[in-house]
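Structure at a glance
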Amino acid sequence: MEPRDVTGRPRRPLAVAALVAELRATTVDPAASQALRDAAAQRLARLAALTDDEGHPLVPAAHPYRWWGLNEPTRSEVPLRDRDRPVVLSGSALDQLANTCALQWFLGREVKADAPATAAQGFGNVVHVLADEVASGSTPADLDVLMERLDSVWNGLVFDAPWKSAQEKDQARAALERFLHWHVMDRAGRTPVAGEHGFDVTLEAGDYAVRIRGSMDRVEQDAEGRAYVVDFKTGKAAPTKDEVAAHPQLAVYQLAIREGAVDEVFDGRRPASGGAELVQLRQGAPKKEGGDALPKVQGQEPLAGEWVSDLLATAAGRVLDERFTPSTGQHCAHCAFRASCSAQPEGRHVVE
């Protein structure tokens, strides 16, 4: 046959994968004639039957057993959690499961598919360690000393460019300066009693037992002898006033206090909870609360009602029943699993 010039692009790539895709599409195309659909199916069968000299299929994608979407969804025979044991959660996990996205929690925490730690997380870790050293007295409350300590580890953080490293270091200096001003000010007679205080308590939540493990950045004793929890934040965003009032992580800390999580640092006494707060070290306080020299502080009142227990029961139920359905919202913009999420166009099955 004489070659002839055909202007324009072919209707599909001239490759085996594209041919198989076209034949598959034709077999289920309601606009195609029955004869054409039968012919496409016969060609697929012939391609699927082709093998090399050792009997290996040459076009395995032509066989229906390789076609994604034909089989029913499967379920693991091994449950994710043992129903006879308490469900282990953290405060941040509770927030994800109950308020944000259960699928994001599953893929990040259980599948371990989260992206590696970022420079922003490294920034937060360094600032948290230095804040704890000041609280414990192992490092003096002096900005120059803290910056020397910061310099000794800063080059270990990986940034996209030198200018970004310099910018973030300036932000770290500002955060530490705000922390020091906050640390030395009178905060309604509160005094530090523990830093990076680990805890492990089991709580009853409806029909479930939930084991909460975590670490409190700082525990303080207020003038009335109550325990007050401080959680330092180094992110660029802050929750709203209403979100802080129902902040799961702060609430879990307060529940843990009720269950004896801080008894050891209160000389064996079971203190009442005086509340908890987020201290936003990257963000300056409003002018009426001291301005940019102080961090933005967002407080949560002592717990009232059963809303935290309800959240724990919701989270535990989703884990035990393995109901990891996606929930869309602002968190989707920074989610690492958009391409695997059925709630997003790019994550849906091609057979849907």
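Residues numbered from 1 in each chain as written. Predicted model: local features only at pLDDT ≥ 70, side-chain atom pairs only at ≥ 80, totals over all residues. Heavy atoms only, no water.

As for the packing of helix H1 (residues 16-27) against helix H2 (residues 34-49)
The geometry of H1 relative to H2 is characterised by a closest axis approach of 8 Å and an angle of 140 degrees between their N-to-C directions. The angle between H1 and H2 places the two elements in the oblique class. In the packing of H1 onto H2, the handedness of the crossing is left-handed. Contacts from Leu19, Val20, Leu23, Arg24, Thr26 and Thr27 in H1 reach Leu36, Arg37, Ala40, Ala41, Arg43, Leu44 and Leu47 in H2. (Axes fitted to C-alpha atoms, helices over the stretch in contact; angles between N-to-C directions. Helix = DSSP H or I, 4+ residues; strand = E, 2+ residues; numbered from the N terminus. Parallel < 35°, antiparallel > 145°, perpendicular 65-115°, else oblique. Left-handed = near helix turned anticlockwise from the far one by under 90°. Contact = heavy atoms within 4.5 Å.)

Overview of the layout of surface pockets
What the largest pocket holds in volume is close to 2400 Å³. Around the largest pocket sit 46 residues that line it, and Ser92, Asp95, Gln96, Lys233 and Gly235 are the ones nearest its centre. Where the lining of the largest pocket is concerned, the elements lending two or more residues are helix H3 (91-100), helix H4 (102-110), helix H5 (119-136), strand S3 (208-221), strand S4 (227-233), helix H9 (248-258) and strand S5 (273-284). (1 Å grid on protein atoms, 1.4 Å probe; cavity = no way out; pocket = protein on both sides within 12 Å on 5 of 7 lines; lining within 4 Å. Points joined across faces, edges and corners; volume = space filled by probe spheres on them.)

Quick notes on the pairing of strand S2 (residues 191-205)
As judged from the 13 bridges shared by S2 and S3, these two strands associate in the antiparallel manner. Across the sheet, residue Val201 finds its bridge partner in S3, namely Ile212. Taking the residues between adjacent antiparallel strands as the criterion, S2 and S3 are bridged by 2 residues, where Gly206 takes a positive phi near 60 degrees. (Pairing = 2+ DSSP bridges.)

Examining H3
Burial runs high along H3: 7 of the 10 residues are buried. Among the residues of H3, Gly91, Ala93, Leu94, Gln96, Leu97, Ala98 and Thr100 are the ones counted as buried. Against strand S1 (87-89), H4, H9 and helix H10 (307-321) lie the buried residues of H3. (Buried < 20%, exposed > 50% of the residue type's maximum accessible area, 1.4 Å probe, protein only.)

Shape descriptors only; they carry no functional weight alone.
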